[in-house]
Structure formats: C-alpha cells, structure tokens
Amino acid sequence: MLSSSRMPLRIAASLLIALATLTWGVEFRAASYNIGAHLVIPPGGGPTYFDYGIGPPGQPDHEKVREVLDRIDADVVALQEIHGADFNAGHLTALSNSLGYPHVFYAPSTNTFDTSLHVAFLSRFPFLSQTLINSPAGAKEMNRLIPVVKIDVPGTTRDPVLIGAHLKSGGEASDLFQRTVEMRRLTNYLTTLGLTNTDDFLIMGDLNLSDGDRTFSTTPGSGLPGSFVLGPDIIFPINYYTTPTAYFGNPTVTRIIPRQVDNSTVTFPSSGSTIDLFLTSPTIGARPLHTEIYNSALDTSNTVGLPKSGSPLAAGTSAAASDHLAIFGDFELDPAVPYTFTAPGQTVSETFADFAGTYDPYPWVISGGSWNGTDNGGSKRQGFRSYGSASDPSLGFIPGTSTGSATASFVNQSTKTLSALQISFTAEQWRSAFGGGVDTLSAELIVGGVPHPLPQLTYQAPTNLPNGPITGGTSIPKNMTVTGLAIAPGTTFQLKFTFTHEASGGPPPADVFINEFSYVGTGEFIEVVVGPGFTGSLSNITVLLYNGAGGPTYGSAHALTSFAVGAVTPSGHRIYSKSITSIQNGDPDGFALVVGGTVTRFISYGGSFSATAGSANGLTSTDILVKQSGSDGAGFSSLGLTGTGGAADNFDWIRFDSLPISPGQPNAGQTFAAPPQGIAIDNLAVTFLSDSDGDGFSDADEAVFGTDPLDAGSRFVMTFANPSPVAGSVRLAFPAATGRSYTVESSANLSSWRNEGTYPGTGAGIVADIAIDPQEAKRFYRIRAATD
C-alpha cells in the first residue's frame, strides 16, 4: 500500500495473500486534523501557550502544520479550526497550494455561533458535489457548519461521500445539548442523501463526544446562546451519547479506532482523551483498512506505522503544530473477492502481514467480539486482537464467556472440480491463565452452507502455564487433508475457526479483593469480593483507608463482618459492600486490604504513595490509573473491575462513566468464571489438491498410497470380510506399493482411533486379520499411508 509522495492514487496490493489472487479495488488516504490551536513559545521567555491561526507561510505554526500534512501525504484532508483571518488573508490557499491540493471547500459562518473558526476540505481530486449541513429554515442551532463533499476518485465508480465535522466543545449541559442537536443534523443528512449501509461514506473530525451520557427532556435552562432557536423537528426527549455509533440508525456506521504507533488511542494529549474520530459506512469498515494517529514524538522510522512521505519529523513537530494529533487512514472503495483458486495445485497463504487488529481482515468475517488492536499477551480484555508484533502479527482472541469465530471465504475459479484440500496453520497461545478455562480452537469447512468438522485441526490451550503473557507465544502446527469434496468451478466456500471458552478443571479461586468503590457525593462505598476457595474467617478481613498526603491511615478500620452481604455469583464468589462517608478524593488516596494480618492489596487512585502507618506501613501503593472527577453525580461513575475471571488479576480497573453504582452486585462487563486463555491462528495455508484422473482421489493422496494419478482405474480399494477365516477376527485386504507403509486404525466412535498394526509395502497385496470383541456393537476401520 506504499505510494510515493504526490502520487494521486493508491492501488491496493495483496497484503493478506500470497501465491493466489486477491483482487482489491482503489484505495485512497483520508486524514482529519484539528489545526487551530498551536503552541506559542514567547521569544523573550515566559510560559508557552496555545493560540489560534496558522499564519502565513514561513511562520512556525504554518510550517509545522504543513510538515505534518506533508508527512501524512493524504489524498483528502478534513481540517478543523481554520481561523477566518487565515482564509481571508490567503493563508489556507497558500497551505493547500504548497501541499498539492488544488481543490478546497471552506464552510462559511452563515447562521452559526462561532464566526471565527471553520471546517474545510483539501483534496487532490475534484469535488463531484459540495454542500453544507446546517439548521433548518427558521432555526439557529449550529456552532459550525459541517461540509459534505463527494470526491471524484479516479479508477472507481464508487466515489466516496466525506463529511468533516467539528462539534460544539465543553462540558456544560448546554454544550452537550448543542452537540446532541448537531449530531442529529448530521445523521438526518445521511438519510436525506439516501445513503445506505452499502454506500461508501466516511465521517471524520473533532466530534468532542466527552463527559457522560444523558437525556434531555427539555431545552437547558441556561448556557445556550441568546439567539439559539431549536428546529421544530426536534422532538423531546433526545439523548446525548459519548459512544458515537449510538446516534446512527439507518444507515449505521462502523467506528474505526486509530492508534499511535505505541498503541495509544489519545488524540487530544492535554486531557488524554479521544475526540477526533473516523466513522465509516459498514461496507468500508468491512474491507481492509489501516489507520494511525500521527505523533511526531513516535515518528522514528519509515518502517514503523503506515507508509509516509519523506523522512521522520522532529519529535516536537506535532506538539508545536496543534493541541490535537492528526488521524489518517487508507480505505478501500471497491469490494474485494474471496481468496481465489485459479488452478489445481495452487496454495493460498495467509500470514496476516501488516494486520493491526482493528478491523476484520478481508475476506474474513469476525463475530463474537470487538477489536482491541495489537497485543503481545499483556491485555486481559476479551475480544479479538492482533497477537504478536507489527512485523509478525496473528489473528487472536480471548474468548471469555462468549464464543468467537473467524471465517474466511474462498472461491474455486478454476475449470476443475475441487475434490481435496490440504489445510495447515499454526495454533498459538499468547496469554495463559493458570487453572483457567480449557479453551479450544476448532475448525470446520462450510460447503453449500453445510459445515464439515475438521477434528485434526483442533487445538486446546493448556491450563498449567504461569499466569500472564507468554513471551513470543507458543506455536503448535496443525494440518489436515480433506478429501471427498465436490466444489464445482465458480463455487464459494468457507473455512471457519471457532474460539470456545470451557469451564476450568482447577481448584476454585481463593482470592479476596476490592472490586468497586466510589468517593463522590453521597454514594460513597467500598465493595469486597471473596472467592469460593477462601476458607478463612471473614472476621480476619479488614479494609484500611489511607491518605496519600504523608501516607497515614484515616477513619476507622472496617472489618468485613460490618459489610452488607450482597450477591453470591453462580461461580460461588461472595460480594460484600459497605457505605462509608468521607472517603477522601484522591491525588492520591487509597485502601489496604488486610487478610489474616497480611496486606494482600494496597491500591490507590490519583497516583501512588508510600504508607507511613498501619498494616501497610512501608509499602508503596499500586495506582489503579483511573479516578473520579468532581463533576460525577452522586450514585454514578464508580471505579471498579471489569472482565472475566475469578481473581483480581484477571480483571481491569475502569471508570463506569454515567452508570449507576452497583454495591453488592457484579460490575458492568464483569463475569465471574474461569479466566480465559489468549489464543491465535497464523500462517494459514490452503492447497487445492489436484485430481488429474477425476477418480475422487487427489494426485497428492494417490502419490502417497501408490496408485496412478493419471489412471482413473488405478484406485486404492480396501476389501473387508467378516467373519475372517481366522477365528475371532475380521479380515482387511488392500494393495501395497513399495516404498510405503500402511497403518490400520480402528475406532468405535469415529473420534478416538487405535493402531491395529503397520505394514510395509512390497508391491503385493496385504491381508490383515484384526482381532475383534464379539460383544462390541460396532467398529470402524481406516488405513493411513506414508512414504518411506
């Protein structure tokens, strides 16, 4: 997907397939960049600050923005916070000309509240149409107008519609309300355009979807501009969501989550938040795509991250250019075809090269989990990811309590009926939970909608490995030859891998841990979970409160026997909670959990500190890295553990934004069960085994069994006689070519097989008398051949 600087088009190459044909369409690169606030360093000294405007060419702010955009080298750029003075003075025109963007669409400030900052598109390709999303007649609701363009991308008839948005910022109720209305205008416009889930469209920009969800039953009583007039089509109640996809009904959208090369999703560094977004139509989101958040501080090599133009920039370029980081991505405009076989003997290979774990790798369909980016085994979060590294990825999954599947499509485009396949892959394990789930990876071939299990490809993760990430992962090769197929030319079929979580066979967990707490308003509490394997006395469990300023304890010790008894989960975990007033507000503060006189957990929020008193004296706390804010309402936004497992280390601490507190109950997204393993597939190879004589046996199998692959009459045929002339036996007779060995196996259930003997081939037929149990109701026999 690499293109040189100023190339007007990218034609996608075969990143995901080798030795076979996978046709993709036209790819284009889009970027979104809020460039308005740049870093000012006073020449005479003093504190730095952010200011608006890019200024004329030669000014540091103009040049830093230009350097970032030149490095990204996008075909189309959506810019936010273009100052009106820069547009009127020609600074934006100078920027677009220097970067090779002849087409510019700039949103005016007609009927808006912000008359200084604007949104614009720069494009290498002509606009087929350009319009604006605004308020309906008689209303005034928009902070900034939203430009919409349709781009004439050469080489495709699926020209994309692009929407560049910069919604109202701020955390007051009036700000959230105005953002809600602006999102309503945006989603309604998609319907007005007649767009559907099968069209190519992309929404990008600074959507400012921060703070917490809420419902508006009326217009906020204060904070709105005096000239604000709500359109008559807005019917209360209306909902504000921080999850962007929640606004969309028909068409829906897919959220694409770009990441910096260190895997961070932050686009607004000063607050550590992600407010600059890519939302694609479902059809674009299902195709191969690659995205990145550009941060010059991490731009050290042209081999890291997406392909870029020129050389890496100075580390401080992004910070000097803007208080936001640019996001960009490569998107496919045309549908691809499945993995394609064009002739017998061909092999399709999949190594997941360049796979970042943020999308379904076409032509795969993923179900049962969301994408979590690249992971070396360190994350506990359930769902799909790219296990390994950027240079050697694999398709991985942590199943948790759900089952996930990854299904690849293949098509026989040869002139021959496909009768046999050789399938091989590497089963990998990247994360282990000692005594956890007996998790399984299984495979099946789906032909004509009918699944055919492939038992030889099954992998079961061991449960006796140490907890945590497995450095480099473990690798177990799996392979199987599938015969007896009849896949006609032009027919599509699927190979499906299923990740299944199974119950643990180990001892019940005995961990005791703090599971949830809140220190805001009148809803303050602490919750403790006791594992089913804990056999001690509850009277020996105590929670101590610590002040991070100096490290002393405060308040009284809270014995678990003073906590209210809550839920007992199906796994046997007991949940206890206690309302405690005046829990201190952090920066930092924390709790020590004492079990039988020993501190087993010493956690803190708002930072880490060392205790100077009490049972934790001399110990340093572990910062849970999340905290509450003064704007959280009482009874909402607690801090707690989420994920799947039976002990504290199986879960992650998060802040439950806008969710009611749940003392005495499992947390949102928390399941008490055997912790899962992290497993993956890699190095998939599927070979179309040819059958030259059309007898139903592949040439490869005939070569092993010693029959002639060019003679349909030369077939390996086993005869069976029961009873055998030898008492208490059955007789098998079969041909045996020289240079081969033949192993007879039997089974009562077609699942487990027993070796009944191996026979060397001499060129003459072999007769084997196999002893039987006269009480046995049935038994099956098969023969395996191998070359010497």
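What you see is a predicted model; the values in this text were computed from it and never measured.

1. Re the pattern of salt bridges
Applying the stated rule across the entire model yields 22 salt bridges. Notably, a salt bridge pairs Asp330 with Arg29, separated by 2.6 Å at the nearest N-O pair. Here Asp330 is found in strand S17 (residues 326–332), whereas its partner Arg29 is found in strand S2 (residues 26–34), with 301 residues between them in sequence. The exposure classification of Asp330 matches that of Arg29, with both residues buried.

2. Some remarks on the nonpolar core
Counting 65 residues, the largest nonpolar core has Trp364, Leu395, Ile423 and Leu445 as the members making the most contacts within it. Among the elements that make up this core, the one with the highest residue count is strand S43 (residues 678–689) (five residues). Apart from the residues lying within four places of it in its own chain, the contact partners of Leu445 are Leu421, Ile423, Val450, Pro451, His452, Leu454, Val482, Leu485, Phe493, Gln494 and Leu495. Ranked by size, the runner-up nonpolar core spans 35 residues in total, among them Val529, Ala567, Val626 and Ala648.

3. Looking at the sheet that holds strand S49 (residues 780–787)
The strands that make up a sheet pair up through hydrogen bonds in the backbone, lying either parallel or antiparallel. Pairing within the open sheet is antiparallel, and its three strands lie in the order S47-S46-S49. The open sheet is flanked by strand S47 (754–760) and S49, the only strands paired with a single partner. Going from strand to strand, the sheet's axes swing by 20° on average, the running direction of each strand aside. Relative to S47, strand S46 (residues 740–747) runs antiparallel, the two being bridged by six bridges. Paired with Tyr742 across the two strands is Tyr759, which belongs to S47.

4. Focus: the confidence of the model for the protein chain
Per-residue confidence for the protein chain averages 89 on the pLDDT scale, and 94% of its residues sit at or above 70. Across residues 1–24, confidence stays below pLDDT 50; counting only partners more than four residues off in sequence or on other chains, it has 82 contacts.

5. Focus on helix H1 (residues 60–72)
Between the first and last C-alpha of H1 there are 18 Å, a value that for 13 residues agrees with the 18 Å anticipated at 1.5 Å per step. All buried positions along H1 are accounted for by Asp61, His62, Val65, Val68, Leu69, Arg71 and Ile72.

6. Regarding unusual backbone geometry
For the bond from Phe236 to Pro237, the omega torsion is 0°, close enough to zero to count as cis. When you line up the elements, Pro237 lands in the loop between strand S12 (214–216) and strand S13 (238–240). With an omega dihedral of 5°, the bond running from Asn250 to Pro251 counts as a cis peptide bond. Structurally, the position occupied by Pro251 is in the loop between S13 and strand S14 (254–256). With a phi angle near 60°, Asp73 is a residue other than glycine that sits in the positive phi range. Tracing the chain through its elements places Asp73 in the loop between H1 and strand S5 (76–83). With a relative accessible area of 2%, Asp73 lands in the buried category.

7. Considering the packing of H1 against helix H3 (residues 91–99)
Two numbers describe how H1 lies on H3: the axes approach to 10 Å, and their chain directions differ by 35°. Of the two possible hands of crossing, H1 and H3 adopt the one that is right-handed. Where H1 approaches H3, its residues His62, Val65, Arg66, Leu69 and Asp70 are matched on the opposing element by His91, Ala94, Leu95, Ser98 and Leu99. Of the residues in the contact of H1 with H3, the class split is five nonpolar, three polar and two charged.

8. Observations regarding the environment of Ala89
For Ala89, the position within the fold is in the loop between helix H2 (84–88) and H3. Remark: the alpha-carbon pair of Ala89 and Gly55, spanning 34 residues in sequence, is separated by 8.8 Å.

Scoring rules and cut-offs
Residues numbered from 1 in each chain as written. Predicted model: local features only at pLDDT ≥ 70, side-chain atom pairs only at ≥ 80, totals over all residues. Heavy atoms only, no water. Salt bridge = Lys/Arg side-chain N within 4 Å of Asp/Glu carboxyl O. Helix = DSSP H or I, 4+ residues; strand = E, 2+ residues; numbered from the N terminus. Buried < 20%, exposed > 50% of the residue type's maximum accessible area, 1.4 Å probe, protein only. Core = buried A, V, L, I, M, F, W, Y, C linked by side-chain atoms within 4.5 Å. Contact = heavy atoms within 4.5 Å. Pairing = 2+ DSSP bridges. Axes fitted to C-alpha atoms, helices over the stretch in contact; angles between N-to-C directions. pLDDT = per-residue confidence, 0-100. Expected span 1.5 Å × (residues − 1). Left-handed = near helix turned anticlockwise from the far one by under 90°. Nonpolar A, V, L, I, M, F, W, Y, C, P; charged D, E, K, R; others polar.

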